[in-house]
Amino acid sequence: MPKPKVFYGWWIVIASMIIGVYVAGSFYYGFAFFIGPIRDEFGWTTTVIAVAVGLRTMEMGLASPVMGFLTDRLGPRKIVLIGGMVGGLGLMLLSQMNSLIEFFVASLVMSVGFSACGGVVLTTAVANWFHSRVGLAMGLTTAGFGLGGIMVPLVSWLVKSYEWRTALLVLAVGSWIIFPLCAMVLRHKPEQYGYTPDGVNQVATFENASLENAGMEYTAKQAAKTRIFWILALATAIGFMGMNAVVTLVADHLNTRGIAEGSTKEVVVIMFIPLLSVVGRLGFGWLSDTLPKNRLLALAIMLQVIGLIVFSCAPNLAALVVFLVAFGTGYGGSIALRPAIQREYFGRNSFGAIQGSMMMILTVGGVIGPLCAGWIFDWRSDYQMAWIIFAVANAAAIPFTLAMKRPQLST
């Protein structure tokens, strides 16, 4: 493979960003606009929908170890290609559903498909191509999921103009076009093409590449036996608990506080949560190449705590601005830092399998978050207590992240 002017790893980052934009915009952030219409049409409670969303998240988490394992062995191209097709099928099935069972089935298909196009597969692809610049590369890659916010106005317009079923069909067709095109750009490991991570100017072999992290390459089983693995997984799972609840229920929270459904203010808030997370993903990712990653993660978590507390006071303008800046930047930073810390502490040979195991743990937080918030709303007709509970839980994780140190692999 002739050496290109631009290190090919950066093209993989760009393709991963595009995939992240569509997954986040259609499947994650954009789904907030479907909750109200679906609830109104079928008369389901918020808790029931939260359970469905939680099961969707659980399925993604359960699939993550499998996706990580397959990516380590088959590479990301085939995984994303098949996943994009299946994810689009899930969106199409969701557009045709007429019962709760069909909602669950469509969500299952959609979740399995998009888990093959999600963070586990994409960050594994990037981790294989970068070492000293892995923080920036991870920041850019995960920024794609934050940039999914640019699709928020489009999804809102589709739902308002053509109703939710047609909007889902349009998003399904988009999946069948975008994911195959981006999958063609993805490659597995640089050694297969004569390079080392970061584009070092030498012909790489599998033997000398393995020396890069001599003494610190963990298998998934070895990583799971370390205390650091569980601190990192649980701390970020707690953060994901609040993040998933906010992203899923932000529109409903704003509606209960007097902001009209589909209003400009609602759309702007939902759009800027992921867009401002890009600042955190890029900023914290770039800083992590030179500063201690665990301290940066503690700072990112603290920003989430501040954002959640302020969000409980919404919807006055000042509170919304502080919430967007603090929460968006904080959760964006934590998303970029977790895989960068994993790459530094456990190496890259089994990155996908370790990443998949962590994502399965994170999924527990992702399921608990919306379910807990939905139950609190049905009990109190308000989400304020939920945001405060999530803030306290995040604050409790900060001392543990500050105590993290690179583990020593026993021989």
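A brief look at the structure comes next.

### Some remarks on the overall build of the chain
- A tally of regular secondary structure across the chain gives 16 helices and zero strands.
- Radius of gyration (C-alpha) of the chain: 20 Å, near the 22 Å computed for a compact globule of 411 residues.
- If you take every contact in the chain between residues at least 6 apart in sequence, the share linking residues at least 24 apart comes to 83%.
- When the accessible surface of the chain is split by element, carbon and sulfur atoms take 70% of a total near 15800 Å².

### Brief notes about helix α16 (residues 384-402)
- The first and last C-alpha atoms of α16 sit 29 Å apart over 19 residues, in line with the 27 Å expected at 1.5 Å per residue.
- Every buried residue of α16 is accounted for by A386, W387, F390, A391, N394, A397, I398 and T401. Down the axis of α16, the sector holding all buried residues measures 130°, keeping them to one side. Of the exposed residues in α16, those oriented more than 90 degrees away from the buried face are V392 and F400.
- Taken together, the buried residues of α16 touch α11 (227-256), α13 (293-311) and α15 (351-380).

### Brief notes about the packing of helix α12 (residues 264-287) against helix α14 (residues 317-346)
- Running from amino to carboxyl end, α12 crosses α14 at an angle of 45°, the nearest separation of the two axes being 6 Å. Taken as axis vectors, α12 and α14 run oblique relative to one another. Along this stretch, α12 crosses α14, giving a crossing that reads as right-handed. Facing K265, V269, F272, I273, P274, L276, S277, V279, G280, R281 and F284 of α12, the residues of α14 in contact are L320, F323, L324, V325, G328, T329, Y331, G332, G333, I335, A336 and L337.

### Description of the side chain of Q355
- The topology assignment puts Q355 in helix α15.
- Residue class for Q355 comes out buried when judged on its relative accessible area of 1%.
- Side chain to side chain, Q355 and R338 meet in a polar contact 2.7 Å long.
- With near-sequence residues (within four places) excluded, Q355 lies in contact with G119, V120, T123, T124, R338, P339 and Q342.

### Details of the nonpolar core
- Within the largest apolar cluster, 124 residues are counted, with the highest numbers of intra-cluster contacts made by I19, F34, F130, F323 and W387.
- No other element matches the 16 residues that α11 contributes to this core.
- Residues contacting F34, with those up to four places away along its chain left out, are V155, V159, W164, A167, L168 and L171.

### As for unusual backbone geometry
- In this model, E163 sits at a positive phi of 75°, which is unusual for a non-glycine residue.
- For E163, the position within the fold is in helix α8 (residues 152-183).
- Relative accessible area serves as the criterion here: at 60%, E163 is assigned to the exposed category.

### Focus: the packing of aromatic side chains
- By the definition in use, this model includes 23 aromatic pairs.
- Ring centres of Y218 and F346 lie 5.2 Å apart, and the angle between their planes is 85°; on these two criteria the pair is classed as edge-to-face. Here Y218, found in the loop between α9 (206-209) and α10 (220-224), pairs with F346, found in helix α14; they are 128 residues apart in sequence, far enough to count as distant.
- Taking relative accessible area as the criterion, Y218 reaches 2% and is therefore assigned buried.
- Take F346: its relative accessible area is 0%, and that puts it in the buried class.

### Quick word on a nonpolar patch on the surface
- On the surface, M85, L89, L93, V173, W176, I177 and L181 cluster together to form a nonpolar patch covering roughly 590 Å² of accessible area.
- For the nonpolar patch, the element with the most residues is α8, which contributes four residues.
- By secondary structure assignment, the location of L89 is in helix α4 (residues 76-96).
- A relative accessible area of 35% places L89 in the partly exposed class.

### Quick look at the pattern of salt bridges
- Following the criterion strictly, the structure yields four salt bridges and no others.
- For the salt bridge of E344 with K293, the shortest nitrogen-to-oxygen distance reads 2.7 Å. A residue pair is termed long-range when its members are at least 10 positions apart, and E344 in helix α14 and K293 in helix α13 qualify at 51 residues.
- One salt-bridge network, in which partners are shared between bridges, spans K293, E344 and R406.

### Details of the side chain of Q342
- Considering the arrangement of structural elements, one finds Q342 in helix α14.
- Looking at Q342, the relative accessible area reads 0%, which means it is buried.
- Contacts of Q342, omitting those with residues within four sequence positions, involve L232, G347, F351, I354, Q355 and M358.

Rules and cut-offs
- Residues numbered from 1 in each chain as written.
- Predicted model: local features only at pLDDT ≥ 70, side-chain atom pairs only at ≥ 80, totals over all residues.
- Heavy atoms only, no water.
- Helix = DSSP H or I, 4+ residues; strand = E, 2+ residues; numbered from the N terminus.
- Rg over C-alpha atoms; globule rule 2.2 N^0.38 Å.
- Contact = heavy atoms within 4.5 Å.
- Areas by Shrake-Rupley, 256 points an atom, 1.4 Å probe, with all protein chains shown as cover.
- Expected span 1.5 Å × (residues − 1).
- Buried < 20%, exposed > 50% of the residue type's maximum accessible area, 1.4 Å probe, protein only.
- Arc of directions from axis to C-beta.
- Axes fitted to C-alpha atoms, helices over the stretch in contact; angles between N-to-C directions.
- Parallel < 35°, antiparallel > 145°, perpendicular 65-115°, else oblique.
- Left-handed = near helix turned anticlockwise from the far one by under 90°.
- Polar contact = N/O pair within 3.5 Å; in protein donor to acceptor, adjacent residues only side chain to side chain.
- Core = buried A, V, L, I, M, F, W, Y, C linked by side-chain atoms within 4.5 Å.
- Phe/Tyr/Trp six-rings, centres within 6.5 Å; stacked < 30°, edge-to-face > 60°.
- Patch = residues over 30% accessible without salt bridge, like charges linked within 9 Å, V, L, I, M, F, W, Y side chains within 5 Å.
- Salt bridge = Lys/Arg side-chain N within 4 Å of Asp/Glu carboxyl O.

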